[in-house]
Amino acid sequence: MANSIQRNGTKRQWLENKAIMGTFALMKLLPYRRRNAIMGAWLRGILGTTIGYRKRIIDNLNLIYPEMAQMRKTEIADQVLDNAGRTFIENMYPAEFQRQNAGIELWGAGLDDLLEAHADGRPIMFYSGHFGNHEAFRAALFEHGIKIGGMVRRMANPYFYANYKNMLDIDGRSGPVFEATSKGTLGLFKALNKGAALVLLVDLAVSNGQVVSFMGKPAYTSLTAASFALKADALFLPYFSMRNPDGNSFRVEIGAAFEHTDAVTMTKEATKSLEQRIAADPGNWSWIHRRWKHKPTV
């Protein structure tokens, strides 16, 4: 065991993973909705404050909405933290999440185009942001026979990361999931080119890329999703996977597909559609996310 720890991670990381997975195992003994509510309450309460998430949310809201009333910012922070806590434990057991969320409402201007592209075997490049719970989107699409894949960033703890990657397979109900490396990016494009349905986020914090206005502030933005859609002649369209006010159910909107023009224009249009959804439902977007941490110099 010691050699394995030295090769793959530290003893502390191994112990941390054991503690985290043990906590999840105990939580799983509780009824599904109850444990999700507890995790939401923990993060909305002392845990979210202790680890700095609440402050980060308020800081981001102050940046984007300086004139917003403090009471409204607190309300949004509560919604964001509750969603984050629930999402965290929901995503540890995605197969159970799918069983508990059969028949998720699926609608939108792009739904018919999506189903037609899938029937024709055409590649599909979805984009979205840190919105609601992504697993609701995958669950809703799986009911239509569509397996959704994508990309995941490596986590600092290699033991927990290995557990998480195994869970992403959803007992074989997931499309291919690639690690965010140059090799993984190439693998994702090859899968898309062969007709896969994949998703990339356009609100990821990147250290370089195209400078695009996001919520009125300049932000480095990756062009990968739009570039791959162009190269693979893939349908390029948004989805928004939203948690309902009851905290338990979801609805998923498939937005209208964008015309293929050029990667910069398509990325700007994608970003604008995400901005509009955030403005309409700010509590469903993860303001915990450090979207503006890399400040463009121009």
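Throughout what follows, the structure given in this document is the object of discussion. Since we're looking at a predicted model, the values are computed, not measured.

1. Quick notes on the overall build of the chain
Piece 1. If you tally the helices and strands in the chain, you get 13 helices and nine strands.
Piece 2. Taken over C-alpha atoms, the radius of gyration comes to 19 Å for the chain, in line with the 19 Å a tight globule of 298 residues would show.
Piece 3. Contacts spanning at least 24 positions in sequence make up 77% of the contacts within the chain whose residues lie at least 6 apart.
Piece 4. About 14,400 Å² of surface is accessible on the chain, with carbon and sulfur atoms providing 54% of the total.

2. Notes on the sheet that holds strand β1 (residues 105–107)
Piece 1. Spatially, β1-β9-β8-β2-β5-β3-β4 is the arrangement adopted by the seven strands of the open sheet, whose pairing is mixed. This sheet does not close on itself; its edge strands, each paired only once, are β1 and β4 (177–179). For this sheet, the mean angle separating the axes of adjacent strands, direction not counted, is 25 degrees.

3. Let's talk about the layout of surface pockets
Piece 1. Considered as a void within the structure, the second largest pocket measures approximately 190 Å³ in volume.
Piece 2. Around the second largest pocket, the lining residues are Q79, D82, N83, R243, N244, P245, G247, D281, G283 and N284.
Piece 3. In terms of residue count, helix α6 (residues 70–92) provides more of the lining of the second largest pocket than any other element does, three residues in total.
Piece 4. In the lining of the second largest pocket, the residues fall into one nonpolar, six polar and three charged.

4. Topic: the nonpolar core
Piece 1. Ranked by size, the top nonpolar core spans 42 residues in total, and within it I57, M125, F214, F236, I278, W287 and W292 carry the most contacts.
Piece 2. Mapped by element, the contributors of at least two residues to this core are α5 (53–64), α6, β2 (124–128), α11 (182–193), β5 (197–201), α12 (224–232), β8 (235–243) and α13 (263–280).
Piece 3. Contact partners of F214, with chain neighbours within four places excluded, come to D203, A219, T271, L274, E275, I278, W285, R291 and W292.
Piece 4. L106, L235, V252 and I254 belong to the second largest nonpolar core, which has 24 residues in total.

5. Re the pattern of salt bridges
Piece 1. Inspection of the entire model under this criterion finds 13 salt bridges.
Piece 2. We note a salt bridge from D233 to R122, for which the minimum N-O separation is 3.5 Å. A residue pair is termed long-range when its members are at least 10 positions apart, and D233 in the loop between α12 and β8 and R122 in the loop between α8 (111–120) and β2 qualify at 111 residues.
Piece 3. Residue D233 is classed as partly exposed on the basis of its relative accessible area, which comes to 46%.
Piece 4. Since its relative accessible area comes to 29%, R122 is described here as partly exposed.
Piece 5. Across the pair E135 and R138 runs a salt bridge whose closest N-O atoms are separated by 3.0 Å.

6. A word on the packing of α12 against α13
Piece 1. Contact geometry for α12 and α13: axes closest at 8 Å, N-to-C directions at 125 degrees. With respect to their mutual orientation, α12 and α13 come out oblique. Read as a crossing pair, α12 and α13 show a hand that is right-handed. Where α12 approaches α13, its residues A226, S227, A229 and L230 are matched on the opposing element by A263, M266 and T267.
Piece 2. Partitioned by chemical class, the residues of the contact of α12 with α13 number five nonpolar, two polar and no charged.

7. Some points on the packing of helix α2 (residues 11–27) against helix α10 (residues 158–168)
Piece 1. Between α2 and α10, the least distance of the axes is 7 Å, while the angle of their chain directions is 40 degrees. In this view, α2 runs oblique relative to α10, as classed from their interaxial angle. Across the interface between the two elements, Q13, W14, N17, I20, M21 and F24 of α2 pack against P158, Y159, F160, N163 and M167 of α10.

8. Some remarks on the side chain of N157
Piece 1. Along the chain, the position of N157 falls in the loop between β3 (148–152) and α10.
Piece 2. Overall, N157 belongs to the buried group, its relative accessible area being 10%.
Piece 3. A distance of 2.8 Å separates a polar side-chain atom of N157 from the backbone oxygen of Q13.
Piece 4. Excluding anything up to four places from it in sequence, N157 contacts Q13, E16 and N17.

9. Structural notes on the packing of aromatic side chains
Piece 1. For the structure on display, the rule yields 18 aromatic pairs.
Piece 2. Between W285 and W287, the ring centres sit 4.9 Å apart and the planes meet at 85 degrees, which makes this aromatic pair edge-to-face.

10. Looking at the environment of I288
Piece 1. As for its placement among the helices and strands, I288 is situated in the segment after α13.
Piece 2. Between the C-alpha atoms of I288 and W42, which are 246 residues apart in sequence, the distance is 15 Å.

11. Considering the environment of K165
Piece 1. Examined against the element boundaries, K165 turns out to sit in helix α10.
Piece 2. In sequence terms K165 and I20 are 145 residues apart; their C-alpha atoms lie 15 Å from each other.

12. Considerations on unusual backbone geometry
Piece 1. One non-glycine residue, M215, lies in positive phi territory at about 55 degrees.
Piece 2. Inspection of the secondary structure puts M215 in the loop between β6 (210–214) and β7 (217–221).
Piece 3. By relative accessible area, M215 is classed as buried at 12%.
Piece 4. Positive phi outside glycine occurs at D233, with the angle close to 50 degrees.

Calculation notes
Residues numbered from 1 in each chain as written. Predicted model: local features only at pLDDT ≥ 70, side-chain atom pairs only at ≥ 80, totals over all residues. Heavy atoms only, no water. Helix = DSSP H or I, 4+ residues; strand = E, 2+ residues; numbered from the N terminus. Rg over C-alpha atoms; globule rule 2.2 N^0.38 Å. Contact = heavy atoms within 4.5 Å. Areas by Shrake-Rupley, 256 points an atom, 1.4 Å probe, with all protein chains shown as cover. Pairing = 2+ DSSP bridges. Axes fitted to C-alpha atoms, helices over the stretch in contact; angles between N-to-C directions. 1 Å grid on protein atoms, 1.4 Å probe; cavity = no way out; pocket = protein on both sides within 12 Å on 5 of 7 lines; lining within 4 Å. Points joined across faces, edges and corners; volume = space filled by probe spheres on them. Nonpolar A, V, L, I, M, F, W, Y, C, P; charged D, E, K, R; others polar. Core = buried A, V, L, I, M, F, W, Y, C linked by side-chain atoms within 4.5 Å. Buried < 20%, exposed > 50% of the residue type's maximum accessible area, 1.4 Å probe, protein only. Salt bridge = Lys/Arg side-chain N within 4 Å of Asp/Glu carboxyl O. Parallel < 35°, antiparallel > 145°, perpendicular 65-115°, else oblique. Left-handed = near helix turned anticlockwise from the far one by under 90°. Polar contact = N/O pair within 3.5 Å; in protein donor to acceptor, adjacent residues only side chain to side chain. Phe/Tyr/Trp six-rings, centres within 6.5 Å; stacked < 30°, edge-to-face > 60°.

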